[in-house]
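Fold and contact review
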Amino acid sequence: MNERGMLVRTERVGEVAVLTIDSPPVNATSHALRSALKKSIDEALLDPAVKAIVLIGAGRGFIAGADISEFDRPRAEPLIPHIIAAIEQGQKPVIAAIHGHALGGGLELSMGCHYRVATAEARLGQPEVKIGLIPGAGGTQRLPRLVGLKLALDMIVGGDPISAKTGLEHGLIDQIIAGDLLPGAIAFAERVMRDRMPLKRVRDLPPPSLPDPDFFTRARGDLLRRKSALTAPQRCIDAVEASLLPFDQGLKREAELFSGIVFGDQSRALRHIFFAERDASKTAAIPAGTPTREIAQVAVIGGGTMGSAIALCCADAGLPVTLIEADAAALDRAMATLRRYYDGAAKRGTAPAEIERRLARITGSTKLAEIGAPDLVIEAVIEDLALKQKIFAELDRAAKPGAILATNTSYLDIDALASVTGRPESVLGLHFFSPATIMRVMEVVRTKKSTGAALATGMAFGRKIRKIPVLVGACDGFVGNRLLTQRGREVERLLAEGVAIPAIDEAMVAFGFPMGPCAAGDLAGLDISYRARKQRGRNLPLADAIVDAGRLGQKTGAGYYRYEPGSRAPIPDREAQRIIDAARGSTAQSAVAPEEIVARVLAAMINEGARILEEGIAERASDIDVIWVYGYGFPAYRGGPMFYADQVGLAALRDRLAQSAERFGDPGLKPAPLLDRLAREGKGFREFVRTS
Ligand code: T1G
């Protein structure tokens, strides 16, 4: 938007009208922008001095699509199809000049133009499926006509963008402009006029040819095999299949399919997560403009599962990292882990030269004194407070003034670590989720003394290594693991009632988790949560019994399930059930409906989420959603535990919890005051705003 608040600027260059779309941050087509664009195009089409029109975006890119925040409201005209209709009914060539991203409605608008030119770095995509939608402005009809069914289906069902080069090769782009885009686009428009090139309307192209009669059956089969519970990918296939019809029939079919899912729960949930992910980095605890310290070099203490993975995240993000282990043997094991990871990356197609570059960024050492001058040190040794305090005291001496000291602990008292240093203001938690090279979220834990600058630096570091950093307060288990603890307690109650292990996991998988809580425990290693419980003097008699029997999960070939050597596939195991029955003193089995299992487990977690909000450990409910979706596999199409709670309704949840608290005599299940208050006010967690 320029100084005059105009979303679209029109300038004339000779006989070409240049319409610059300027609606930061990403030129999303809000109603205001659509109205301004339609008006500018209508005026240019009517202006006798104008012989051709160039559409170009200001800022980061062309257009990032429709304004996602408007989908919860009734759609206001003009819509993108109205703008396209004006272009298609016009008698002047309209050229889309694309740089950065042309996504969703942005790409669709460009396909409504007669020609598309782009810079080499432009990215072109239909990512609607990622927010539970399908392209709704003709993309499912025009894209197949331009690039063919195979690429169109891949782009629309997968949602990932293609390069300008691929676009050119497949006829989506007419020319790649070397150098400045605008003069190149104007020159292209002048060539169209000079050479009387046709007004190529994509809608006039013949329907795409079917690669083979089973093309769509196979595509649907692939989706079924992925057991995806997602609706949008299926609807995408339906819509693209309609491109075999005459254009307007296909367009009508697309509109029906779009209206059928735009107000659906899955898309609402995925749109919630889209914004929650971005809101997470805006926190009142760090005033805007707080300076961050530059992180150019990192050191990681401890090369175990987490430490080595954190070092890999740094190296993959271009950061030099020193990995320090206690002794040479441990260091060798850590370096072997790194090499195995990059062998896998090579198999997945990462170029050998790139792997060499990344490996070269990692230095191993066994001497803390050789830590060098990292700007950030991340301690990731075993969960032993005394050991961590000893390391923090040494780090405080070895690290340069101003360096930030962070810990990857998942529950220990970080203030106790800060207290043994002379720089408590520069101590914080950076809690990664396992496997750290894959899990996208990171809890940035503020201590009593962490400064805004230290926290801002922790958040910036998280974004630099391509994580979603979420700021949380220090407490036992922070945010994610506090809900995990409540999940474990409810699983324990279900097992105690005689509900079978697989029944619990199957119910949670049917709800959308990639694996159930028991199998997830086996994957992570049951000894880790066991030790954490014991350090806090907590017992879960049935879970403890499994561990006491030496069943630590996949790493010992048995936990809640048994595992064939070399396999990660959980096999139900009567021996595990026998141990549990012995510990609970009964063999009576009881069947609880899968929905009831899910409802009980989630209610306990959500209640803890409410306490976390009350205590200010999380700033907003959507932060909890982001942590559980990207840290624990909570299905994104359910929006996360707190969003889901609002869908279920807080009054129903409160009543369920009150009954459970009564039934199990567990005060921990008593509805949290915040949940109770919001339920009484008929509100949801989305309306919860921290006041102090
Ligand atoms: N609508 C509204 N806001 C958007 C937006 C959008 N489409 N895209 C980005 N933003 C905001 C975002 O919330 C953030 O705000 C800021 O822009 C920067 O984004 C009819 C139905 C373009 C690749 O799905 O993938 O078209 O936090 O932090 O990392 O068929 O944003 O600063 O206040 O992500 O550089 C389809 C979504 C819509 C693309 C840039 N389009 N956007 O990434 O920045 S549906 C999409 C992105 C549609 C039609 C259909 C990315 C990006 P704030 P950012 P980034």
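Residues numbered from 1 in each chain as written. Predicted model: local features only at pLDDT ≥ 70, side-chain atom pairs only at ≥ 80, totals over all residues. Heavy atoms only, no water.

**As for the overall build of the protein**
Assigned secondary structure in the protein consists of 28 helices and 19 strands. Each principal axis of the C-alpha distribution contributes one length, and for the protein these read about 85 × 60 × 50 Å. The 692 residues of the protein split such that 55% are buried. Separation of charge centres in the protein, based on 88 positive and 82 negative side chains, amounts to 1 Å. (Helix = DSSP H or I, 4+ residues; strand = E, 2+ residues; numbered from the N terminus. Buried < 20%, exposed > 50% of the residue type's maximum accessible area, 1.4 Å probe, protein only. Lys, Arg positive; Asp, Glu negative; His and termini not counted. Charge placed at Lys NZ, Arg CZ, Asp CG, Glu CD.)

**A word on the environment of G105**
By secondary structure assignment, the location of G105 is in helix α3 (residues 105–112). When its relative accessible area of 5% is taken as the criterion, G105 is described as buried. Sequence-distant contacts of G105, that is, excluding residues within four places in its chain, are made with G65, A66, I80 and E128. (Contact = heavy atoms within 4.5 Å.)

**Description of the sheet that holds strand β10 (residues 298–301)**
The sheet built from 8 strands is open, its strands ordered β12-β11-β10-β13-β14-β15-β16-β17 with mixed pairing. Unpaired on one side and paired on the other, β12 (362–365) and β17 (468–473) mark the two borders of the sheet. Taken pair by pair, the neighbouring strands of this sheet meet at an average axis angle of 25 degrees, ignoring direction. As paired strands, β10 and strand β11 (residues 321–324) are joined by 4 bridges and run parallel to one another. (Pairing = 2+ DSSP bridges. Axes fitted to C-alpha atoms, helices over the stretch in contact; angles between N-to-C directions.)

**Concerning the packing of helix α25 (residues 621–631) against helix α26 (residues 641–648)**
Packing of α25 against α26 leaves a shortest axis separation of 6 Å and a crossing angle of 120 degrees. Along its contact with α25, which presents A621, I624, D625 and W628, the element α26 presents P641, M642 and F643. Looking at the contact of α25 with α26 residue by residue, the class counts come to 6 nonpolar, no polar and 1 charged. (Nonpolar A, V, L, I, M, F, W, Y, C, P; charged D, E, K, R; others polar.)

**Notes on the packing of helix α21 (residues 526–535) against helix α22 (residues 541–548)**
Direction vectors running N to C along α21 and α22 enclose 125 degrees, while the axes themselves pass 10 Å from each other. When the axis of α21 is compared with that of α22, the two are oblique. The way α21 lies across α22 gives a crossing that is left-handed. Residues L526, Y530, R533 and K534 of α21 pack against A543, D544, I546, V547 and D548 of α22. (Parallel < 35°, antiparallel > 145°, perpendicular 65-115°, else oblique. Left-handed = near helix turned anticlockwise from the far one by under 90°.)

**Details of the packing of aromatic side chains**
Under the counting rule described, the total for this entry stands at 12 aromatic pairs. Ring centres of F511 and F634 lie 5.7 Å apart, and the angle between their planes is 80 degrees; this geometry places the pair in the edge-to-face category. On the criterion of sequence distance, the pair formed by F511 in helix α19 (residues 501–511) and F634 in the loop between α25 and α26 is long-range, its members being 123 residues apart. On the numbers, 5.2 Å between centres and 75 degrees between planes, the contact of F513 with F634 is edge-to-face. Taken together, the positions of F513 in the loop between α19 and α20 (517–524) and F634 in the loop between α25 and α26 put the pair 121 residues apart, joining distant regions of the chain. A residue is classified by how much of its surface remains accessible, and F513, at 2% relative accessible area, is buried. By the ring-pair criterion, three or more aromatic residues cluster together here, those being F433, F511, F513, W628, Y632, F634 and Y644. (Phe/Tyr/Trp six-rings, centres within 6.5 Å; stacked < 30°, edge-to-face > 60°.)

**A word on the site of the ligand**
In the vicinity of the ligand lie 26 residues, with R60, E108, G136, R278 and K282 positioned nearest. At a separation of 2.9 Å, a nitrogen atom of the ligand approaches a polar backbone atom of I68. Here G136 contributes a backbone N or O atom positioned 2.8 Å from an oxygen atom of the ligand. The fraction of the free accessible surface of the ligand (1000 Å²) that becomes covered by protein chains is 74%. (Near = heavy atom within 4 Å. Polar contact = N/O pair within 3.5 Å; in protein donor to acceptor, adjacent residues only side chain to side chain. Areas by Shrake-Rupley, 256 points an atom, 1.4 Å probe, with all protein chains shown as cover.)

**Focus: the sheet that holds strand β2 (residues 16–21)**
The 6 strands are arranged β1-β2-β3-β4-β6-β9 in an open sheet whose pairing can be described as mixed. Each edge of the sheet is formed by a strand with only one pairing partner; in this case those strands are β1 (8–13) and β9 (175–176). For β2 and strand β3 (residues 52–57), the ladder comprises 6 bridges, and the chain directions are parallel. Pairing of L19 across the sheet is with L55, part of β3. Each of β1, β2, β3, β4 (94–98), β6 (115–118) and β9 is contacted by helix α7 (residues 181–194), which is oriented at about 160 degrees to β3, the strand it contacts most.

**A closer look at the pattern of salt bridges**
Counted by the stated rule, this structure contains 61 salt bridges. Here D238 makes a salt bridge to R220, at a shortest N to O gap of 2.8 Å. Separated by 18 residues along the polypeptide, D238 in helix α9 (residues 232–241) and R220 in helix α8 (residues 215–225) bring together distant segments of the chain. By relative accessible area, D238 is classed as buried at 14%. E383 serves as the salt-bridge partner of K388, at 3.6 Å between the closest nitrogen and oxygen. As far as burial versus exposure is concerned, K388 and E383 are alike and both buried. (Salt bridge = Lys/Arg side-chain N within 4 Å of Asp/Glu carboxyl O.)

**Looking at the pairing of β4**
The buried fraction of β4 is high, at 5 of 5 residues. Here β4 shows no split at all, with V94, A96 and I98 on one side and I95 and A97 on the other all buried. Both β3 and β4 contribute to a ladder of 4 bridges, which runs parallel. Residue pairing in the sheet places I56 in a bridge with A97 of β4. Remark: the β3/helix α2 (residues 80–89)/β4 crossover connection has right-handed handedness. (Right-handed = clockwise from strand over helix to strand, strands pointing away.)

**Side note on the side chain of E492**
The topology assignment puts E492 in helix α18 (residues 480–496). The side chain of E492 sits in the buried core without any salt bridge; R533 is the nearest counter-charge, 6.8 Å away. Sequence-distant contacts of E492, defined by excluding residues within four places in its chain, comprise L540, P541, L542 and A543.

**Regarding the pairing of β6**
Alternating residues of β6 divide into Y115 and V117 and R116 and A118, and every residue in both groups is buried. Where β4 and β6 come together, 4 bridges link them in parallel fashion. Within β6, the residue paired with I98 across the bridge is A118. The sheet contact formed by β6 and β9 spans 2 bridges and is parallel. Considered in β9, the bridge of A118 is made with I176.

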